[in-house]
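Residue-level structure breakdown
One-letter residues, chain by chain:
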Amino acid sequence: MKTGNAVLRGLASLALLSPALALSAHAFAGRLTNRLFIKGRRTMRIFLRRALVIALAFSGVAANAATTLYEAPQGFETAASPQVEAVLLNPLAQWPKGADRLYLEIWGAETDEAIANVVVSGSKKGVSAKKELRRFDLPQNGLRAVTVGLGEIGNSVDLSAVSNIVVRTDDRKPRRFALARALLLDKGEPKPVVEEAPRVHPLDTAAHHADYLRFREECRQGDVVAGHVSSMEAIRPRAAFKWKPIHDIYVRLARGERESFQVLVAPADGDLKDVSVVVDMGEDSAFSPTNFTVGVVGYVETKTPPWPYKVRPAMKAPSLGWWPDAILDFQKSTDIFGEDVQSFWVRVTCPTIQPAGDYVGRVKIMVEGREAEKGVLHLHVNDFAVGCASPLPMIISFNPNKPGMKKGEKLSLDDYHFAWKTRKEAYCDWLADYYITMGTYYTNDKLEPHWDMLLRLKEQGRLGLFNLCFWWRVDHVFTEEVYKTKCMPVYRARYNKAKELGLLDHAVLGGCSEQKPQYHKGIAQAVKILKEEFPDVPIISSAQDFKRGTDGSPLSCLDASIAVVNRYYPEVVKKAREEGRKVWWYICNWPNAPWVNAILEDPPCQLRVLMGALTQKCKPDGFLYWETAAWTGDKPVTKGPYLDWSPRTFGEWDGDGQWTYCGGPDLMPIPTIRLENFRDGLEDLWYVKLLEQKLKEVESGTLKVKSEGWMQRAKYALDVPDSVARNGKDFSVDPEVIYRWREEMADLIEESGQSDQHAERKNP
């Protein structure tokens, strides 16, 4: 490692100790040069002059730990100057065989958001190796503990060949931090107890307090402060937030549609007990109160800085703390403390036979059974209906699993991850309410499609696409002969089953996800075999073919290529379609801001824009998402609003693959704000499909429209104004902009002529 990268700037009084350091100053100095390298204006001569005193002072402390690699002297905080990194040189050269964890304590005094990481360097089987082990936020005026298993280190670097372990700032900018202690803990030895610095950033706390004071001044009514926001916004309970006064709430929706809003409640002075929100439509209303559901919004805590993503609208890494996500429909009330701002999710479901028109009701905030505040709900039902199945071909996986399980680890059969097996029909119908067909894209020889549930959805008119079996390429493992004798019987059995049940027109064969170009020849060989056997089933793949089968790509054999949204190149897509292939798109843990995605900390309306406005603007032929039930919790959700549930799913991302939770008294799926916006986006797309049909009828002369300029307005709305969305990285996250586009389409559909209020909800 270069000398310039081994800097501990300004730490004049730091010392490195081990159990043998108190023997002599000479021995201490020798071990020191092995362990810690210091460069700066304060020279090693000054450092060693203090070494004996420091060693004697801390010899007792060192003896109490299994192995103390390093410990800073008392009062080191006042001497610490901004630095980029702290380096432990050769820390595991004589590591004790009983040790199984490296424990680090980092002190920090940052006033702005700063990220650090722990990196190990050395060699693996004689080859130079380096690995980032942890990312964490630098604490504010306190300590943060970071623990890494030696087995994890040994996977990347041989323990006997670890040359250094570096704690460094992620942006390589000097920060006030220091390595306070480094220990090797024996197996079973408890970690030291430290009072860690708060993970909620002081800037978030200050911004929240300022917003709370304005909120209270504008919206206070007695001991309650109340407001509302749209369903497209994430209101953090202890960070900056937005609101509107609760006095007037406007909701517009079509028959068969669901639309939501959020009611915000905070204490005016002191705490509030047993707070709930109810909707009262009055005894004589033709819009039943049973069409409303209200649930407490649940919050999950992010504890480790995300990597490598940034989020909108600030386009920077999100701060840590509590984030809204789960909608606890089973929990109707909660207590609210201090200056916390609690959101209640109010969902409106419009019956398919509901008469169009305007309805008025009351939204009431109840505290311990008494009415504390209320607002007026203005509800408008459009004179048309949206479909009950997705207007866009798609496969959305729902296959409950627990990420991060160790090899060989298994869940007990009574674990909540398996609750769906005893509630299959309820799960199936619940998912269909969000336009999701129950199943997974990653079916295999042991994991079949849910044939009974597919038939159920077909009978309901809500069946989407499903994958017969996830297929693999022809290669050295699956030679062409082996492919035909081992793989094809499984695929053929699935095909025959789907044909027998009358489900074949909803089936695809998808496989070889994200395979790199060096494997495309083997993919093409597999596709050739599949097409010969199953010519009437679309063959699709998200293999990394940026040409989408054009310009001599071997994957011209695919019926549909699936591109990640930032690789959905319009000119390439156009050429592929001209050659007879379809192009879908997808998101996963990638890409991140400014590109559209569905990460926990992203504005939830991004999913609404993706499935509605952006789908219409960019016109993908389908959509794929890898998982919605990556359930990380050790136990189901039983009570909120602050949940004991980790949002960290795949790698370093929060919420990726986790659009649902599980819990409540019935162990049913729990929706998230992001999932609600996913469905809302597809309902926006239904508005598009209905308006497109109206425009065709007007252009053909089969429908007469009296409104002046109707055709021009319709074409403008269907082109999607650039103010709403241009492409996958240039789009609005302003709810008002999205609502205006949606309501303009609704106006145009209604202006084209009255529809039958009891018309059947037809699907494409």
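Our structure is the block above this text.
Residues numbered from 1 in each chain as written. Predicted model: local features only at pLDDT ≥ 70, side-chain atom pairs only at ≥ 80, totals over all residues. Heavy atoms only, no water.

A word on a negative patch on the surface
Heads up, the condition is: Patch membership requires more than 30% relative accessible area and the absence of a salt bridge. Residues of like charge join within 9 Å; the nonpolar side chains Val, Leu, Ile, Met, Phe, Trp and Tyr join within 5 Å. Here, Shrake-Rupley sampling with a 1.4 Å probe gives the accessible areas, and only protein chains in the shown set may cover a residue. Salt bridges are identified by distance alone: a Lys or Arg side-chain nitrogen within 4 Å of an Asp or Glu carboxyl oxygen. Charged residues are defined here as Lys and Arg on the positive side and Asp and Glu on the negative side; His and the ends of the chain fall outside this count. Where a charge lies is defined by one atom per residue type, namely NZ (Lys), CZ (Arg), CG (Asp) and CD (Glu). Only runs of H or I of at least four residues qualify as helices and only runs of E of at least two qualify as strands under DSSP, and these elements are numbered from the N terminus. Each residue is placed in one exposure class: buried if its accessible area under a 1.4 Å probe, protein chains only, is under 20% of its type's maximum, exposed if it is over 50%, and partly exposed if it falls in between.
Where like charges cluster on the molecular surface, the negative patch consists of Asp 271, Asp 274, Asp 335 and Glu 368. Along the chain, the position of Asp 335 falls in strand β17 (residues 333–336). Given the relative accessible area of 31%, Asp 335 is considered partly exposed.

What about the pairing of strand β5 (residues 127–137)?
Here is the key point about a regular strand: its side chains alternate between the two faces of the sheet. The cut-off we apply is this: Two strands make a pair as long as DSSP finds a minimum of two bridges between them.
Alignment of strand β4 (residues 115–124) against β5, held across 10 bridges, turns out to be antiparallel. Bridging from a neighbouring strand, Lys 124 pairs with Val 127 of β5. Taking the residues between adjacent antiparallel strands as the criterion, β4 and β5 are bridged by two residues, where Lys 125 takes a positive phi near 55°.

Concerning the pattern of salt bridges
In this structure the tally under the stated criterion is 55 salt bridges. Salt bridges sharing common partners tie together Glu 257, Glu 259, Arg 608, Asp 680, Asp 684 and Arg 742.

Things to note about the sheet that holds strand β2 (residues 85–89)
Here is the rule: For every element, the axis is a line fit to its C-alpha atoms; helices are fit only across the contacting stretch, and the angle between N-to-C directions ranges from 0 to 180 degrees.
Taken together, four strands build an open sheet; the order of strands is β2-β7-β4-β5 and the sheet is antiparallel. Sheet topology places β2 and β5 at the edges, where each strand pairs with a single neighbour. The mean inter-strand angle of the sheet, taken between neighbouring strand axes irrespective of direction, is 15°.

Quick word on the packing of helix α12 (residues 605–618) against helix α13 (residues 673–700)
Applicable threshold: In these notes the angle categories are as follows: under 35 degrees is roughly parallel, over 145 is roughly antiparallel, 65 to 115 is roughly perpendicular, and the rest is oblique. In this scheme, a crossing is called left-handed if the near helix is turned counterclockwise away from the far one by less than a right angle; it is called right-handed if the turn is clockwise. Only heavy atoms matter for contacts: two residues are in contact if any of them lie within 4.5 Å across the pair. Residue polarity is assigned by list, with Asp, Glu, Lys and Arg as charged and Ala, Val, Leu, Ile, Met, Phe, Trp, Tyr, Cys and Pro as nonpolar; anything else, Gly included, falls into the polar class.
Closest axis-to-axis distance for the α12/α13 pair is 6 Å, and the angle between their directions is 20°. By the angle between their axes, α12 is roughly parallel relative to α13. Classified by chirality, the crossing of α13 by α12 is right-handed. Residues Cys 605, Leu 607, Arg 608, Met 611, Gly 612, Thr 615 and Gln 616 of α12 touch α13, and the partners they reach there are Arg 674, Asn 677, Phe 678, Asp 680, Gly 681, Leu 682, Asp 684, Leu 685, Val 688 and Glu 692. When the residues that make up the contact of α12 with α13 are grouped by side-chain class, the tally is seven nonpolar, five polar and five charged.

Here's the deal with the environment of Arg 726
To keep it simple, the criterion reads: Side-chain atoms alone can form a polar contact between residues adjacent in sequence; in general such a contact is a pair of N or O atoms within 3.5 Å, and within protein one must be able to donate a hydrogen while the other accepts it.
Residue position: Arg 726 is located in strand β30 (residues 725–727). According to the relative accessible area criterion, Arg 726 is partly exposed, its value standing at 45%. Sequence separation of Arg 726 and Cys 618 is 108 residues, and the distance between their C-alpha atoms is 8.5 Å. At a separation of 3.3 Å, a polar atom in the side chain of Arg 726 contacts the side chain of Asp 722.

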